[in-house]
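Residue strings, one per chain:
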Amino acid sequence: MAHPAEPTPTPTPAPARSGRGPDRAPGTARAGTPEGEDVARRLLGSAAALSCDPATEIDWDAPLPPEHYGLNPEWSTLYGTALWAEMTEEQRVTLTRHEVGSIMTTGIWFEMILQQLVLRDQYLKDPAGAGFRFALTEIADECRHSIMFARACERMGVPAYRPHPVVAQAGRAFKALARGELAYGGILVAEEVLDVMQRDWMRGENVLGIVRGTSRIHVVEESRHMKFARQEIRDRLRGAGALRRRNAAFGIAAGAFVIVTSMVHPSVYGAAGLDTARALAEVRASGHRRAMMRTSSRHLMAFLAENGLLTGPATALYRRIHML
């Protein structure tokens, strides 16, 4: 006797897809790309092995030899100018200490912007993701860096060189509005330019010990942040159209213009007993200064070109501040 055919089971309908990725849990934002998560996992391992505590790893009570510079003389904005040749050695030392203090306080200002950008980007993302955990690790690093720079400036006896009020308000707008590749592009610009300078400062035998120490810590930890920012930019631009890339390219270049032109405050020249107007004129005309800026920007420019972020208008801005 033949058996009746068994009914075909009705398949269970698949859950509706939101278009935000298969791994998204309710109420959370899109998970990072597999490449980004892999990079973040490696960076978390590096952070666990190589993170530093400036409070204990820098000898804050060590004397400051009066002949030691704040940064390598070659990185002074006036090095190689006629005015530099006329300055006394005491003026050169004083100038470089105020220059590095200005760069550090500008760094604190931008690190506060950076922390807000990264924290906002992680809002409601899956906390189990490696990218989320590394982003919070980066914020913790930046908090320590800001405290470290503030303490170094206090130890050197240099004032807080704040950005121009217009620039400060532009920073408020940037941290409120920047998203995705624009946010991480701004972060990368600030970190890449300072990284090249500090690699020299940390090896300078005639540079203050606290500057060498803070530079060493910053170089080690910022190398992770730069890798993370590069990967985030690649991920955000994957499949992006030409208009989006052009807008991002110009926005990042505008951020670079603000950062680079704000690093050394004009008041540093008066602190060294110099005529500020003459000093600024010689800085603007300095071929040596232009060459050093191009050197510090070389790797950044290569990355931007590789990712379609070195457009004509962006290139024009970079040339104005001698990054190209």
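Description of the structure in this document. (Residues numbered from 1 in each chain as written. Predicted model: local features only at pLDDT ≥ 70, side-chain atom pairs only at ≥ 80, totals over all residues. Heavy atoms only, no water.)

Turning our eyes to something else, we now look at the packing of helix α7 (residues 180–201) against helix α8 (residues 209–237). With their axes 8 Å apart at the nearest point, α7 and α8 run at an angle of 150° to one another. With respect to α8, the axis of α7 lies roughly antiparallel. In this structure, the crossing between α7 and α8 has a hand that is left-handed. Partitioning the contact of α7 with α8 into residue classes produces 11 nonpolar, 6 polar and 10 charged. (Axes fitted to C-alpha atoms, helices over the stretch in contact; angles between N-to-C directions. Helix = DSSP H or I, 4+ residues; strand = E, 2+ residues; numbered from the N terminus. Parallel < 35°, antiparallel > 145°, perpendicular 65-115°, else oblique. Left-handed = near helix turned anticlockwise from the far one by under 90°. Nonpolar A, V, L, I, M, F, W, Y, C, P; charged D, E, K, R; others polar.)

It is the contact of helix α4 (residues 89–121) with helix α6 (residues 165–177), at a shortest axis distance of 9 Å, that shows an interaxial angle of 15°. Classed by the angle they form, the pair α4 and α6 counts as roughly parallel. Crossing angle aside, the handedness with which α4 passes α6 is right-handed. Of the residues in α6, those in contact with W109, I113, Q116, L117 and R120 of α4 are V167, A168, G171, F174, K175, A176 and L177. When grouped by side-chain class, the residues that make up the contact of α4 with α6 number 8 nonpolar, 2 polar and 2 charged. (Contact = heavy atoms within 4.5 Å.)

Counting across every chain of the model gives 17 salt bridges. We note a salt bridge from D235 to R238, for which the minimum N-O separation is 3.2 Å. Take D235: its relative accessible area is 12%, and that puts it in the buried class. Given a relative accessible area of 49%, R238 falls into the partly exposed group. (Salt bridge = Lys/Arg side-chain N within 4 Å of Asp/Glu carboxyl O. Buried < 20%, exposed > 50% of the residue type's maximum accessible area, 1.4 Å probe, protein only.)

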